[in-house]
Amino acid sequence: APDPGADSRKGDPKAEVLPGSVSTVGVIARWRKPGPNGVPAPLLEVRAVSGDLDADTQSGRLFDARGTFYRDGRPLAEFKAPRVDAAQEDQTVIAPHGAVMTSLDPPGTIVYANRVVWRIAEDRVVAAGNVRFTHTPRGAKVPSVTGGPIDRMTFDTDLQTVTIP
């Protein structure tokens, strides 16, 4: 069926509707994996102002997004990005137009980058383009470590282990 709002969004690259998806306002995507005793454990939760999300695969393109990454049911890091492309089958989330990531467990690390790729199954975040970061230890008022800008950095999902190629 044709998208009734398509005419009002012509020329807006953010408004490109993905085939087989529903275009909506107020989108929530939740990825889970089998946890201990068969209880599903969260992997990812993304809330977006708008987007195109396939309800069955929980995959699609989300705009003005905020989300949380989990490991073993614990929230590890939060992010916000103007757009994310999420593919649950590949367990990959891409923020092609920049993102800010903040560690939660343990807290204190903030990473900024022009492009970010999260590879959830590999517990890896690849940040590229004008990457900057800070780390403020618990209880401190100012960062103890700052870095960047650099071209590329790789982190684990909780933003604690860093590799600079």
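The structure we're discussing is the one just above.
Rules and cut-offs
Residues numbered from 1 in each chain as written. Predicted model: local features only at pLDDT ≥ 70, side-chain atom pairs only at ≥ 80, totals over all residues. Heavy atoms only, no water. Buried < 20%, exposed > 50% of the residue type's maximum accessible area, 1.4 Å probe, protein only. Helix = DSSP H or I, 4+ residues; strand = E, 2+ residues; numbered from the N terminus. Polar contact = N/O pair within 3.5 Å; in protein donor to acceptor, adjacent residues only side chain to side chain. Contact = heavy atoms within 4.5 Å. Salt bridge = Lys/Arg side-chain N within 4 Å of Asp/Glu carboxyl O. Pairing = 2+ DSSP bridges. Phe/Tyr/Trp six-rings, centres within 6.5 Å; stacked < 30°, edge-to-face > 60°.

*Asks:* I keep staring at unusual backbone geometry and nothing clicks. Help me out?
*Replies:* Excluding glycine, most residues fall at negative phi; most peptide bonds, likewise, are trans. For the bond running from Asp105 to Pro106, omega is 0°, close enough to zero to count as cis. For the peptide bond that leads from Gly148 to Pro149, omega is 0°, which places it in the cis range. The phi torsion at Gln58 lies on the positive side, around 55°, for a residue other than glycine. Classification of Gln58 by relative accessible area gives buried; the value is 17%. Unlike most non-glycine residues, Asp123 shows phi in positive territory, near 55°. Following the sequence through the fold, Asp123 ends up in the loop between β8 (115–119) and β9 (124–135).

*Asks:* How do you make sense of the side chain of Gln58 when you look at a structure like this?
*Replies:* The residue Gln58 is located in the loop between β2 (40–54) and β3 (59–71) in this model. Here Arg30 takes part through its backbone nitrogen, which lies 2.9 Å from a polar atom of the side chain of Gln58. Those residues in contact with Gln58, other than ones at most four positions away along the chain, are Ile28, Ala29, Arg30, Trp31, Leu53 and Gln88.

*Asks:* Help me out: how do you make sense of the pattern of salt bridges in this one?
*Replies:* Pairing between side chains of opposite charge can happen when the charged atoms of each approach one another. Evaluation of the coordinates by the stated rule reveals seven salt bridges. Here Asp105 makes a salt bridge to Arg74, at a shortest N to O gap of 2.8 Å. Of this pair, Asp105 sits in the loop between β6 (99–104) and β7 (107–113) while Arg74 sits in strand β4 (residues 74–87), placing them 31 residues apart in sequence. For Asp105, a relative accessible area of 29% gives the class partly exposed. Each of Arg30, Glu45 and Arg47 takes part in salt bridges that share partners, so that together they form one network.

*Asks:* Looking at this structure, I do not really get the pairing of strand β10 (residues 145–156). What am I missing?
*Replies:* Walk down a regular strand and you will see the side chains alternate between the two sheet faces. Note: β9 against β10, nine bridges, orientation antiparallel. Each bridged residue has a counterpart across the sheet, and for Phe133 the counterpart in β10 is Gly147. Both β10 and strand β11 (residues 162–163) contribute to a ladder of two bridges, which runs antiparallel. Within β11, the position partnered with Phe155 by the bridge is Val162.

*Asks:* How should I be thinking about the packing of aromatic side chains in this particular structure?
*Replies:* Two descriptors summarise a pair of aromatic rings, namely the distance from one centre to the other and the angle between the planes of the rings. Counting across every chain of the model gives three aromatic pairs. Here Phe69 and Phe79 contribute two aromatic rings whose centre-to-centre distance is 5.2 Å and whose plane-to-plane angle is 35°, an arrangement assigned as tilted. Residue Phe69 is found in strand β3, and its partner Phe79 is found in strand β4; the two are separated by ten residues along the sequence. Just as Phe69 is buried, Phe79 falls in that class too. With 5.1 Å between their ring centres and 35° between their planes, Phe69 and Trp118 make a pair best called tilted. Of this pair, Phe69 sits in strand β3 while Trp118 sits in strand β8, and the two are 49 residues apart along the sequence.

*Asks:* Where do I start with the environment of Pro165 in this structure?
*Replies:* Tracing the sequence through the fold places Pro165 in the segment after β11. Pro165 sits in the exposed class, given a relative accessible area of 75%. Considering only alpha carbons, one finds Pro165 and Arg152, 13 residues apart in sequence, at a separation of 7.0 Å.

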